[in-house]
Amino acid sequence: MWWFLTISLLTLLYYTWQKVGSLGKKYPTCLPHIPILGSLPYLNSSDPAHIYFTKLKEKYGHIYAFWLGPYYSVVVSQFSLAKEVLLKKGKDFASRPRMVTTDILSGSGKGIAFSQYGPQWRMYRKLVQSTFSLFKDRPQNFEKIICQEASSLCKSLATKQGQSFDPALDFFLASANVICQFCFSSSWKQDDEEIKIMMNFSDAIIKTLAKDNLIDVFPWIQLFPNKDLTLLKESVILRNKLLEKKIKIQKEKFHIDSINNLLDTLLKAKINNNDHLTQEPEITDEHVLMTVGDIFGAGMETTSSVVKWCIAYLLHYPQVKEKIQKEIDQKIGFSRTPVLSDRNQLLLLESTIREVLRIRPVAPLLIPHMAHTDSSIGEYTIPKGTRIYINLWSIHHDPTEWDEPEQFKPERFLDKNKEHLIMPTASYFPFGCGPRVCIGEFLARAELFLFLAWILQRFDVDLPDDGKLPSLEGEFGVVYQIVAFKLKFRLRKAWREAQLST
């Protein structure tokens, strides 16, 4: 009985201290909460978190708080407030909460995705950015790499034309190979077993990571059997083994005077660091592994997932698909393949991609932020250590910012004459913004445009034999995934005829 009285007394003292410390300060409206559990009993909903948080906005406003067990958390659902968090006060809120699941994935906060804001994070992000710059200035640049993968993708789809099948593996392979070229200057083949293993563990990680389940709220629960946690650990072990194999191969080729990819950049930085040529934080093999793992995780599933969402919406809106193909026929034709500069010509395709990123954002709640210091949002005090959830879903579906936000309307990103791309509102940041903005945004946008342009130039995309449309209700996770679906690709008559005449 004594232990219960002790916990109750400590909890009472904690909440009393909170009340005293908050005198004279204004905090966001908070959901009801009780000792130990916080607001958990009042967060009981079958809706995905981003939908439920959007509904709570109607009652509690654009910014409100709740207690996730012992963790004070704030939800931001308005563009101007989100901009303050991510951009204006980006450094104040640039940290990440430590959670059991993210610690498993990141080796206890190593790498760049889940590490704390500070010198180590800035160093690794700078090294990744320098590698992106390296690829921009070389003959084998990103555009050529993406086009090579688009060509391989189209060849694979052509072998299956007329068949009803799930294209997930084909899209995943194309995205994975772009990232593999960036990290290791190598790629996988269609029949490589490693790519199937990678797709499976990537999917498992996305579905079990950072969902604020009870293990992330009460870490002691991991002492008990848990299927999700076991799956996450097994998936991370598989990921690490696969990446360690790639790293070992690349290390054997490494020469400090020939830097060709991300691993080369990291290895060179490690050598300089160990030789005391810099004052940067320590670089270990585990830091290298986790940084490469972050880039793989961010660059594979996200791009392939958005490609699938785009295809799904075109199946639901075949008139949009036909208009895009007509635009491709008129602006590019069939004598050449699409290139990045065609984005200025293929306006409807580009606006469709933007609309898909709006209506089905990659990460509806982004990755949770944490207050690095005592700060404020609007008129409200935000204590150091507060978890911040940016409800991007709510912001992208705000009826005060978007006309008929629940409707799929690519034309909203075009001017009245449909001759120029526009941004109808500033309330749009599918890749985040500020210090933690997605580091590979430009690469992801290039992949989405080129993969889709190549596919739609060559193929008609049709429903499967059973005529079933893809579901537009996704599966919530750290990435908002579309439910698996089947479809058929059929080479377009005009493309076939053009190839025969050459």
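As shown above, the structure is provided for reference.
Quantities reported herein were computed from a predicted structural model and do not represent experimental measurements.

The helix and strand inventory of the protein stands at 18 helices and nine strands. A compact globule built from 502 residues should have a C-alpha radius of gyration of about 23 Å, and the protein, at 24 Å, falls within 12% of that. Viewed in the frame of its principal axes, the protein has a C-alpha envelope of about 85 × 60 × 40 Å. Put simply, the protein has 502 residues, and 55% of those count as buried. For the protein, the exposed area adds up to about 22900 Å²; of that, 55% sits on carbon and sulfur atoms. Between the mean site of the 62 positive side-chain charges and the mean site of the 55 negative ones, the protein shows a separation of 1 Å.

Taken N-terminus to C-terminus, the directions of helix 14 (residues 318-331) and helix 15 (residues 347-359) make an angle of 140 degrees; their axes are 8 Å apart at the nearest point. It follows from the interaxial angle that helix 14 and helix 15 lie oblique. Contact with helix 14, carried on its side by Val-320, Lys-323, Ile-324 and Glu-327, involves Leu-347, Leu-348, Leu-349 and Thr-352 of helix 15 and no other residues of that element. Here the contact of helix 14 with helix 15 is built from residues that sort into five nonpolar, one polar and two charged.

Our next topic: the pairing of strand 9 (residues 488-491). Here strand 9 shows one buried face, formed by Phe-489 and Leu-491, and one open face, formed by Lys-488 and Arg-490. Of the strand pairs in this sheet, strand 8 (residues 459-462) and strand 9 are connected by four bridges, and their pairing is antiparallel. Looking at the pairing, Asp-462 lines up with Lys-488 of strand 9.

This part covers the sheet that holds strand 4 (residues 369-370). Pairing is mixed in the open sheet, where five strands are placed in the order 1-2-3-7-4. Two strands in the sheet have a free side with no partner beyond their single neighbour: strand 1 (29-30) and strand 4. Here helix 2 (residues 49-60) sits on the sheet and contacts strand 1, strand 2 (63-68) and strand 3 (71-76); the angle it forms with strand 2, its principal contact strand, is near 115 degrees. The strands that helix 3 (residues 79-88) touches are strand 2, strand 3, strand 4 and strand 7 (387-390); relative to strand 7, the one it contacts most, it runs at about 130 degrees.

You can see Gln-457 is positioned in helix 17 (residues 441-458). Overall, the relative accessible area of 0% leaves Gln-457 in the buried class. When residues no more than four places from it in sequence are discounted, the contact partners of Gln-457 are Ile-328, Ile-332, Gly-333, Phe-334, Arg-336, Thr-337, Pro-338, Arg-492 and Trp-495.

To continue, consider the pattern of salt bridges. What the rule picks out here adds up to 23 salt bridges. Measuring nitrogen to oxygen at the nearest pair gives 2.9 Å for the salt bridge that ties Lys-245 to Glu-194. Placement of the pair is Lys-245 in helix 10 (residues 227-253) and Glu-194 in helix 8 (residues 193-208), with a sequence separation of 51 residues. Overall, the relative accessible area of 17% leaves Glu-194 in the buried class. Here Arg-492 ties to Asp-329 by a salt bridge, and the two come within 2.7 Å at their closest N and O atoms.

The phi angle at Ser-108 is positive, at roughly 65 degrees, despite the residue not being glycine. Residue position: Ser-108 is located in the loop between helix 4 (100-106) and helix 5 (119-136). In this structure, Leu-366 is a non-glycine residue whose phi angle is positive, near 50 degrees. For Leu-366, the position within the fold is in the loop between helix 15 and strand 4.

Attention now goes to helix 17. Its 18 residues place the ends of helix 17 26 Å apart at the C-alpha level, agreeing with the 26 Å of an ideal helix rising 1.5 Å per residue. Across the 18 residues that make up helix 17, a large majority, 16, are buried.

Let's shift gears to the packing of aromatic side chains. What the rule picks out here adds up to 29 aromatic pairs. Residues Tyr-117 and Trp-121 carry aromatic rings whose centres are separated by 5.4 Å and whose planes lie at 45 degrees to one another, so their mutual orientation is tilted. For Tyr-117, a relative accessible area of 14% puts it in the buried group. Residue Trp-121 is classed as buried on the basis of its relative accessible area, which comes to 5%. Pairing Trp-309 with Tyr-480 gives two aromatic rings, centres 5.7 Å apart and planes at 15 degrees, and the pair type is stacked. With Trp-309 in helix 13 (residues 301-316) and Tyr-480 in the loop between strand 8 and strand 9, this residue pair connects regions lying 171 residues apart in the sequence. Three or more aromatic residues joined by ring pairs form one cluster here, namely Trp-309, Tyr-313, Tyr-317, Trp-393, Phe-408 and Tyr-480. Stacked on the ring of Tyr-117, the Lys or Arg Arg-122 has its end atom at 5.3 Å from the ring centre.

Right, let's talk about the packing of helix 7 (residues 168-184) against helix 13 for a bit. At a minimum axis distance of 8 Å, the contact between helix 7 and helix 13 shows a crossing angle of 135 degrees. Between helix 7 and helix 13, the crossing angle belongs to the class labelled oblique. At the point where helix 7 passes helix 13, the crossing takes the right-handed sense. Together, Ala-168, Phe-171, Phe-172 and Ser-175 of helix 7 and Glu-301, Thr-303, Ser-304, Val-307, Lys-308 and Ile-311 of helix 13 make up the contact between the two elements. Residue composition of the contact of helix 7 with helix 13, by class: five nonpolar, three polar and two charged.

Reading guide: rules and limits
Residues numbered from 1 in each chain as written. Predicted model: local features only at pLDDT ≥ 70, side-chain atom pairs only at ≥ 80, totals over all residues. Heavy atoms only, no water. Helix = DSSP H or I, 4+ residues; strand = E, 2+ residues; numbered from the N terminus. Rg over C-alpha atoms; globule rule 2.2 N^0.38 Å. Buried < 20%, exposed > 50% of the residue type's maximum accessible area, 1.4 Å probe, protein only. Areas by Shrake-Rupley, 256 points an atom, 1.4 Å probe, with all protein chains shown as cover. Lys, Arg positive; Asp, Glu negative; His and termini not counted. Charge placed at Lys NZ, Arg CZ, Asp CG, Glu CD. Axes fitted to C-alpha atoms, helices over the stretch in contact; angles between N-to-C directions. Parallel < 35°, antiparallel > 145°, perpendicular 65-115°, else oblique. Contact = heavy atoms within 4.5 Å. Nonpolar A, V, L, I, M, F, W, Y, C, P; charged D, E, K, R; others polar. Pairing = 2+ DSSP bridges. Salt bridge = Lys/Arg side-chain N within 4 Å of Asp/Glu carboxyl O. Expected span 1.5 Å × (residues − 1). Phe/Tyr/Trp six-rings, centres within 6.5 Å; stacked < 30°, edge-to-face > 60°. Lys NZ or Arg CZ within 6 Å of the ring centre and 35° of its normal. Left-handed = near helix turned anticlockwise from the far one by under 90°.

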